[in-house]
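# Structural description and commentary
For reference, the chains in residue letters:
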Amino acid sequence: MTNEPEVARLVVRGIGDLLDVVPALLGFHPADSLVAVLLVDGRVKVTARLDLCDATDAGHLDLSLGPLLSRFPSATWFWVAYTSDAGAAWEALEVAVSFLPWEVDFETVHVADHRWFLSPDDPGVSHDPTCSALAAEAAYHLSLIHISEPTRRTPISYAVFCL
């Protein structure tokens, strides 16, 4: 018999659910941010966040997130741009997608004003992670270890955890 605590498992059934748990994964609600959630075999491995203004610089993106691409080459990248400026969101998402090798799977989404969008002409889907039972469960169960990398030119936040 083992005394190890049981690991909480959250079931995410789609984009809306994943967006609901992003604040718990990061430890805060992102704003003017590009967030990358890396999934391997259906499990979140890493969640990373950049300031949106830095995300449009391909060199900065490579410097900040290149190590994650090397560490998780088979990951599916779920990119989320959080901003009310749709033009800036889709520009950052375009740069983010161009950062990935062609064989890497990815999804992109823009979140603004309590809606999420899969394309610039998408009418959007209502979204409020503060009213989500899954978000509350994620905030309650997830145990985060934040790693800072002081040797980097600019700060980046990683949240590493097991589901």
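Definitions and cut-offs
- Residues numbered from 1 in each chain as written.
- Predicted model: local features only at pLDDT ≥ 70, side-chain atom pairs only at ≥ 80, totals over all residues.
- Heavy atoms only, no water.
- Helix = DSSP H or I, 4+ residues; strand = E, 2+ residues; numbered from the N terminus.
- Buried < 20%, exposed > 50% of the residue type's maximum accessible area, 1.4 Å probe, protein only.
- Contact = heavy atoms within 4.5 Å.
- Polar contact = N/O pair within 3.5 Å; in protein donor to acceptor, adjacent residues only side chain to side chain.
- Salt bridge = Lys/Arg side-chain N within 4 Å of Asp/Glu carboxyl O.
- Pairing = 2+ DSSP bridges.
- Expected span 1.5 Å × (residues − 1).
- pLDDT = per-residue confidence, 0-100.
- Core = buried A, V, L, I, M, F, W, Y, C linked by side-chain atoms within 4.5 Å.

## Observations concerning the overall build of the chain
Assigned secondary structure in the chain consists of five helices and eight strands. Of the regular secondary structure in the chain, the N- to C-terminal order runs α-β-β-α-α-β-α-β-β-β-α-β-β. Per-residue burial for the chain yields a buried fraction of 44% across its 163 residues. Within the chain, counting contacts between residues at least 6 apart in sequence, those at least 24 apart form 59% of the total.

## With respect to the environment of T56
Relative to the helices and strands, T56 resides in the loop between α2 (52-55) and α3 (58-71). On the basis of relative accessible area, T56 is assigned to the partly exposed category, the value being 31%. Along the backbone, T56 and A89 are 33 residues apart, and their C-alpha atoms lie at a distance of 9.4 Å. For T56, the contacting residues outside a window of four places in its chain are E91, A92 and V95. A polar contact is formed between the side chain of T56 and the backbone oxygen of C53, at a distance of 3.3 Å.

## As for the environment of D62
For D62, the position within the fold is in helix α3. With relative accessibility at 45%, the residue D62 sits in the partly exposed group. Taking the C-alpha atoms as reference points, D62 and A96, 34 residues apart in sequence, are found 9.2 Å from one another. Beyond its immediate sequence surroundings of up to four residues, D62 is in contact with P67 and F99.

## Focus on the pattern of salt bridges
Scanning all chains against the criterion turns up one salt bridge. Here R49 ties to D51 by a salt bridge, and the two come within 2.4 Å at their closest N and O atoms. For R49, a relative accessible area of 15% corresponds to the buried category. Take D51: its relative accessible area is 34%, and that puts it in the partly exposed class.

## Side note on the pairing of strand β2 (residues 43-51)
In this sheet, β2 lies alongside strand β1 (residues 33-40) in antiparallel orientation, the contact comprising eight bridges. Each residue of the ladder has a partner; that of A36, found in β2, is A48. Linkage of β1 to β2, two consecutive antiparallel strands, is achieved through a turn of two residues, within which D41 is found at a positive phi near 55 degrees.

## Regarding helix α4 (residues 86-99)
End to end, α4 covers 20 Å across 14 residues, agreeing with the expected 20 Å (1.5 Å per residue, within 8%). Listed as buried for α4 are A89, W90, A92, L93, V95, A96 and F99. Measuring from the side-chain oxygen of the N-cap residue of α4 to the backbone nitrogen of G87 gives 3.1 Å; that N-cap residue is D85.

## With respect to the confidence of the model for the chain
Low-confidence regions, as indicated by low pLDDT, have predicted coordinates that should not be scrutinised in detail. Residue-level pLDDT values for the chain average 80, and 73% of them are 70 or greater. The low-confidence segment residues 143-152 (pLDDT under 50) makes 23 contacts with residues lying over four places distant or belonging to another chain. Confidence drops under pLDDT 50 across residues 156-163; counting only partners more than four residues distant or on other chains, this segment forms 44 contacts.

## Quick notes on the environment of V37
Its location among the elements puts V37 in strand β1. Remark: the alpha-carbon pair of V37 and E107, spanning 70 residues in sequence, is separated by 9.9 Å. When neighbours within four sequence positions are excluded, V37 is seen to be in contact with L18, V22, V44, V46, T47, T76, W77 and F78.

## Digging into the nonpolar core
Ranked by internal contacts, the top residues of the largest apolar core, which has 29 residues, are L34, L61, L65, L68, W77, W79 and F99. At the level of elements, β1, β2, α2, α3, β3 (76-82) and α4 are the ones that each hand at least two residues to this core. Counting residues in each nonpolar core, the second largest holds 15 residues, with V37, Y82, V109 and W116 among its members.

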